[in-house]
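Spelled out, the chains give:
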Amino acid sequence: MLNASLRQLSRLLSDKKISSTELTAGFLSRIKSLNPDLNAFITLDEEKSLNQAKSADAMIAAGRSTPLTGIPIAQKDIFCAKGWLTTCGSRMLSNFISPYDATVVERFDQAGMVNLGKTNMDEFAMGSSNETSYYGPVKNPWDRLAVPGGSSGGSACAVAARLAPAATGSDTGGSIRQPAALCGISGIKPTYGLVSRYGMIAFASSLDQGGPMAKSAEDLALLLNAMVGFDEHDSTSLQREKEDYTKNLTQPVEGLRIGLPKEFFAEGMSSDVSRAVEAALAEYRKLGATFVEISLPNSKLAVPVYYVLAPAEASSNLSRFDGVRYGYRAAQYSNLEDLYARTRAEGFGEEVKRRILIGTYVLSHGYYDAYYLQAQKLRRLIAEDFAKAFEQCDLIMGPTTPTVAFNIGEKCGDPIQMYLSDIYTSAASLAGLPGMSIPVGFGDKNRPTGLHIIGNYFREAQMLNVAHRYQLATNWHELAPPDSGN
Amino acid sequence: MQWETVIGLEIHVQLSTRSKIFSGASVAYGAAPNSQACAVDIALPGVLPVLNREAVEYAIRFGLAIDATINSPSIFARKNYFYPDLPKGYQISQLEHPIVEGGCVTIRTGDQEKVIRLTRAHLEEDAGKSTHEEFHGMTGIDLNRAGTGLLEIVSEPEMRSSTEAVAYARVLHSLVRWIGICDGNMQEGSFRCDANVSVRPAGSETLGTRCEIKNLNSFRFLERAIDYEVARQIDILEGGGSITQETRLYDADRNETRTMRSKEDAHDYRYFPDPDLLPVIIPHEWIEQIREKLPELPGHKNHRYIQDFSLSAYDAGILTATREVADYFEKTIGLLPGQGKLCANWIMGEVSARLNKEGLEITQCPVTPEQLAGLLLRITDGTISGKIAKDVFDGMWQSNGENADAIIDAKNLRQVSDDSEIEKWVDEVLAANPQQVADYRAGKEKAFNSLVGQIMKTSRGKANPAQVNSVLKKRLAE
């Protein structure tokens, strides 16, 4: 059951071999036993989850089920869910019960999925290791000394440890793909604008994009079918014809032209990751794909550009957390200024404050042109690099991360080293392109590695197909960490 | 030294759209605190703005009315600052690429016409309100107004006196109501003025240091605040001092302006394009559709009234002050071709005086334009005199809808033009006033008018005054 695919679960449910209530209760009890150590979840609400499971069972009994009805899903705590504590990993929202559902939550709810709980994350999605969470670090289920990656570390851990069959994540510079890689699961960040951002607490609005995290590409396709779609509450959401991402999953990939950016296969990638990625590429060669060397000359600037633009937007997005209307408020203050200062000093963690400072600085009078505007120009150049590359290839592949998961505490004192975890993922985010990570084996200390696939705009179906073909030929995605189900 | 005053105005016009500019909440005034603030207005985590199409249409309407450029794309930007009634910690406004750029309006002071150019008009959201009175030691926040659409209209510094500034503000006040984008209610804050004021030696080309005066919620305060500020600045300069650039608050009770914040504590608003809102692309066809629906504008009407009805510029100005008055005038004149001046005099005189007295708007006038035309027709055809007409008008007002003819007949007010009848009244008055007759004959012209007055009185106003004149002259010459 724990290793079953969503399709298998769906069949079991519709064949009444198992009820959603049983399935949900099963996962909840597993969470109860494993979560105290893994810390993947911030909030659990057994009653709410089981009530939803009951409704799902009723939907199934009434013959009104969708392919996802009755299947539990863990929600990253960045998504507002009505009646649920929604903290975004921050003390600032440690008392915030959302009065409304994010569009993503609402869509899964309508599909009949069961909210299993809210997963841990880096505070306001700012981090690459899940160590900035007010609720403490999450452990990597493959090696509990290691980080799970971030910011969607709780979701990645939950899926990898088989605490949930699926989870939601959000990705601003790599927050779905990097933890997916470090936890050995599959995750996709769709084209910017495909998944509604309404109710997903904003970090950097022009980059934030929600997406699914699961064991396989096939599961991702099913989840994406429910998740994608125009939303009138989000002005940046795109109006497009609905696509069935499962339709072409099994198409052969013969003749596929895979672009390999020379900048990604250079200094910086550790040898264990390199070995795993090369082996995956060899597998694709067997499947009939061809390779072209491409160049993304400006991608080396992606991390600095990202760390100007994302903090700039964040500094403004996080201004609403002022202690006036909801959320944390300092207990003692002498006047308005003091209320703001103490509330934000006490309510935000160090990394969030660091980014607010950076963002405030780069938007300030006299610095705006040199930083913000300059970064915007470079962002365009980075996107143009991709546009040129896609004239030569169908997809781009490379490592998702330069190394396997590092140890908890290892990079805490060195923000720059931490920021470089996103070196391969942030360029696609800046260009608004879809990116995904699939597990391709293990590196040092038997920690997982991921293959990064970047597609052209709206090529999610093609990416999922290419990933699925690989997963038909290999079994990395089926492996679960010890003590986690096998 | 001679000083020249330089004034530019920033006017915040609250748009009378049904819902807020970035949310679906209602904008109705006066509801219970925080009852009209939705998730977006109170800036819950995760919410996003969606631009109200109607607000954009209103801004375009304004842009077309002042012959400005409509920018496409137009960009929304965030203006960042902390304040309890600003829920997001930033205001969505516009910096570069405002929706409306350029344009001009014509103002009149006395007989002078002057064109004032506008810099820009941009869309933004209003903040909520902080109330300090009702909660001891605390501040109450009402977010009902938060997110209401505003059009901020910025003029070039082209006004040279408080009189011009008021004239400009009045023209805009009339225009925004005329094109139906704002209710113009200044007490409720629908139309708010800030003035940038500076002075410089007459003939100088460079601008002096300016002060921005806030809290001007009536035309009277606008005028007084500018006058005070100009005097203050001249005082300082003549005393050898210099002006500090700052924002000043007008205190109506004390009739003075005082420092609110200096340039040093000016915020760095850290404007940047709002990533939650896409650039607004305004198709040419949409602009043309809006143009077609625009009513005839006051400036155009004004010229037409002067040309077609031979009205003075002054009269035309008053009749085009609001769309409602112009409508009333046009309906009346439509029934009385060629009587522009008569209609104008009556609407600006009797009708407007009575409305003022009773505190009514012209749309609430109990005498309809059709009825007024019916009354004025009886003056032009000689049935009644202008003086009797005022009584009839009063009767129409009181009776709430009775026609002039019915009242004239019922009260027997028809003008008497029958010579024998008039001669009878003349003889009666002459017989009773031998002294005045003698005075007149001795050369005292004034005695004539007094006699006319008494004859009119005897006839209870019904005698045709022209005939009274000629009969009396004939009799006195005998």
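Predicted model, so just to flag it, every value in this text is computed and none were measured. (Residues numbered from 1 in each chain as written. Chains lettered and ligands numbered in written order. Predicted model: local features only at pLDDT ≥ 70, side-chain atom pairs only at ≥ 80, totals over all residues. Heavy atoms only, no water.)

Another point: the overall build of chain A. The helix and strand inventory of chain A stands at 15 helices and 11 strands. Here chain A has a C-alpha radius of gyration of 21 Å; the compact-globule value for 486 residues is 23 Å, and the two agree. Based on the C-alpha atoms only, the size of chain A along its principal axes is roughly 65 × 55 × 45 Å. Relative to its full complement of 486 residues, chain A shows a buried share of 64%. The contacts of chain A with a sequence gap of at least 6 include a subset with a gap of at least 24, amounting to 76%. As presented, chain A carries roughly 16800 Å² of accessible surface, and 51% of it is formed by carbon and sulfur atoms. Charged side chains of chain A number 47 positive and 51 negative; the gap between the two group centres comes to 2 Å. (Helix = DSSP H or I, 4+ residues; strand = E, 2+ residues; numbered from the N terminus. Rg over C-alpha atoms; globule rule 2.2 N^0.38 Å. Buried < 20%, exposed > 50% of the residue type's maximum accessible area, 1.4 Å probe, protein only. Contact = heavy atoms within 4.5 Å. Areas by Shrake-Rupley, 256 points an atom, 1.4 Å probe, with all protein chains shown as cover. Lys, Arg positive; Asp, Glu negative; His and termini not counted. Charge placed at Lys NZ, Arg CZ, Asp CG, Glu CD.)

Let's shift gears to the environment of Ala195(B). Residues and elements named next belong to chain B. Topologically, Ala195 is positioned in strand S11 (residues 191-201). Since its relative accessible area comes to 0%, Ala195 is described here as buried. Residues Ala195 and Arg210, 15 residues apart in the sequence, show an inter-C-alpha distance of 9.6 Å. When near neighbours in sequence (up to four residues on either side) are disregarded, Ala195 contacts Gly8, Leu9, Cys211, Glu212, Ile213, Leu216, Leu222 and Ile226.

Okay, the sheet that holds strand S4 (residues 90-93) of chain B next. What the three strands build is an open sheet, ordered S4-S3-S15 (chain B); its pairing is antiparallel. A strand with exactly one partner marks an edge of an open sheet, and here the two such strands are S4 and strand S15 (272-273) of chain B. Along the sheet face, helix H9 (residues 302-317) of chain A touches strand S3 (77-80), S4 and S15 of chain B and points at about 60 degrees away from the line of S3(B). (Pairing = 2+ DSSP bridges. Axes fitted to C-alpha atoms, helices over the stretch in contact; angles between N-to-C directions.)

All names here are of chain A. Structurally, Ser429 is set in helix H14 (residues 426-431). Note on Ser429: relative accessible area 1%, which makes it buried. Leave out the neighbours within four places in its chain, and Ser429 touches Asp171, Thr172, Gly173, Gly174, Arg177, Lys189, Leu207 and Arg379.

As a further point, take a nonpolar patch on the surface. Nonpolar side chains collect at one region of the surface, where Tyr361(A), Tyr367(A) and Tyr371(A) lie side by side and expose about 280 Å² of accessible area between them. Topologically, Tyr367(A) is positioned in the loop between helix H11 (350-363) and helix H12 (369-389). (Patch = residues over 30% accessible without salt bridge, like charges linked within 9 Å, V, L, I, M, F, W, Y side chains within 5 Å. Salt bridge = Lys/Arg side-chain N within 4 Å of Asp/Glu carboxyl O.)

What follows deals with the interface of chain B and chain A. On the chain A side, the residues contacting the 28 residues of chain B number 37 residues. Taken together, both faces of the contact between chain B and chain A bury some 2700 Å²; the carbon and sulfur share is 58%. When residues of chain B are sorted by the area they lose upon contact with chain A, Pro45(B), Phe82(B) and Arg270(B) head the list and together hold 24% of the total. Applying the counting criterion to the chain B and chain A interface returns one salt bridge. Salt-bridge contacts for Arg197(A) lead to Asp276(B); the nearest nitrogen and oxygen are separated by 3.1 Å. For the pair chain B and chain A, the number of links is 17 residue pairs in polar contact (both at pLDDT 80 or more). Elements represented by at least two residues in the side of chain B that touches chain A include exactly S3 and S15 of chain B. Each residue belonging to the side of chain B that touches chain A can be placed in one class, and the counts come to 20 nonpolar, three polar and five charged. (Buried area = accessible area lost by both parts, 1.4 Å probe. Polar contact = N/O pair within 3.5 Å; in protein donor to acceptor, adjacent residues only side chain to side chain. Nonpolar A, V, L, I, M, F, W, Y, C, P; charged D, E, K, R; others polar.)

Okay, the nonpolar core next. It is characteristic of soluble globular proteins that their nonpolar side chains tend to be buried jointly. With 154 residues, the main nonpolar core has Phe124(A) and Tyr284(A) as its most contacted residues. Ranked by residue count, the leading element in this core is H9(A), at 10 residues. Non-local contacts of Phe124(A), meaning those with residues more than four positions away in its chain, are made with Cys88(A), Ser90(A), Met92(A), Leu93(A), Ile201(A), Phe203(A), Leu318(A), Phe321(A), Phe348(A) and Val352(A). One finds Ile7(B), Leu118(B), Leu319(B) and Trp346(B) within the second-largest nonpolar core, a separate group that totals 102 residues. (Core = buried A, V, L, I, M, F, W, Y, C linked by side-chain atoms within 4.5 Å.)

The subject of this paragraph is the pairing of strand S3 (residues 114-119) of chain A. Residues and elements named next belong to chain A. Taking burial as the measure, the six residues of S3 include six buried ones, the bulk of the element. With two bridges joining them, strand S1 (residues 41-43) and S3 adopt antiparallel strand pairing. Across the sheet, Phe41 pairs through a bridge with Thr119, a residue of S3. Strand direction decides the pairing type here: strand S2 (residues 72-76) and S3, joined by five bridges, are parallel.

Let us now look at the packing of helix H7 (residues 323-335) of chain B against helix H9 (residues 369-380) of chain B. Residue and element names in this part refer to chain B. Running from amino to carboxyl end, H7 crosses H9 at an angle of 45 degrees, the nearest separation of the two axes being 8 Å. On the basis of the axis angle, H7 is oblique to H9. The chirality of how H7 crosses H9 is right-handed. Residues Tyr328, Lys331, Thr332 and Leu335 of H7 form the contact with H9, whose own contacting residues are Pro369, Glu370, Leu372, Ala373 and Leu376. In the contact of H7 with H9, the residues fall into six nonpolar, one polar and two charged. (Parallel < 35°, antiparallel > 145°, perpendicular 65-115°, else oblique. Left-handed = near helix turned anticlockwise from the far one by under 90°.)

Turning to the pairing of S4(B), a few remarks are in order. Within a regular beta strand, the side chains point alternately toward one face of the sheet and then the other, so they alternate between its two faces. All names here are of chain B. Of the two faces of S4, the one lined by Tyr90 and Ile92 and the one lined by Gln91 and Ser93 are each fully buried. Of the pairings in the sheet, the one linking S3 to S4 comprises four bridges and is antiparallel in character. Residue pairing for S4: Arg78 is matched across the bridge by Ile92.

What follows deals with helix H12 (residues 419-432) of chain B. Helical geometry note: an α-helix holds 3.6 residues per turn, so side chains three or four residues apart project in the same direction. Residues and elements named next belong to chain B. Counted at 1.5 Å a residue, the expected span for H12 with its 14 residues is 20 Å, and the 20 Å between its end C-alpha atoms agrees. Residues of H12 that are buried include every one of Ile422, Trp425, Val426, Val429 and Leu430, and no others. One side of H12 carries all its buried residues, which in axial view fall inside an arc of 130 degrees. Exposed and facing more than 90 degrees away from the buried side of H12 are Lys424, Ala431 and Ala432. The inward-facing, buried residues of H12 contact helix H13 (434-441), helix H14 (446-458) and helix H15 (465-477). (Expected span 1.5 Å × (residues − 1). Arc of directions from axis to C-beta.)

Here H12(A) contains 21 residues, and its C-alpha end-to-end distance of 29 Å stays within 8% of the 30 Å for a straight helix at 1.5 Å per residue. Taken as a whole, H12(A) has its buried residues at Tyr372(A), Ala375(A), Arg379(A), Ile382(A), Asp385(A), Phe386(A) and Ala389(A).

So, on to the environment of Leu381(A). Positionally, Leu381(A) belongs in helix H12. Taking the C-alpha atoms as reference, Leu381(A) lies 30 Å from Ser319(A); in sequence the two are 62 residues apart.

This part covers the packing of aromatic side chains. The description of an aromatic ring pair uses the distance of the two centres, along with the angle that the planes make with each other. As enumerated under the stated definition, the model contains 30 aromatic pairs over all chains in all. In this structure, Lys48(A) packs its charged tip against the face of Trp84(A), placed 5.6 Å from the ring centre. (Phe/Tyr/Trp six-rings, centres within 6.5 Å; stacked < 30°, edge-to-face > 60°. Lys NZ or Arg CZ within 6 Å of the ring centre and 35° of its normal.)

Counted under the stated rule, the structure contains 51 salt bridges over all chains. The salt bridge involving Glu158(B) is made with Arg117(B); its shortest N-O contact spans 2.4 Å. Of this pair, Glu158(B) sits in the loop between strand S10 (149-155) and helix H2 (162-178) while Arg117(B) sits in strand S7 (residues 112-125); the two residues are 41 residues apart in sequence, bridging distant segments of the chain. Among the ionic contacts, a cluster of salt bridges with common partners joins Arg197(A), Asp234(A), Arg78(B), Asp274(B) and Asp276(B).

Any link to function would need more than the numbers given here.
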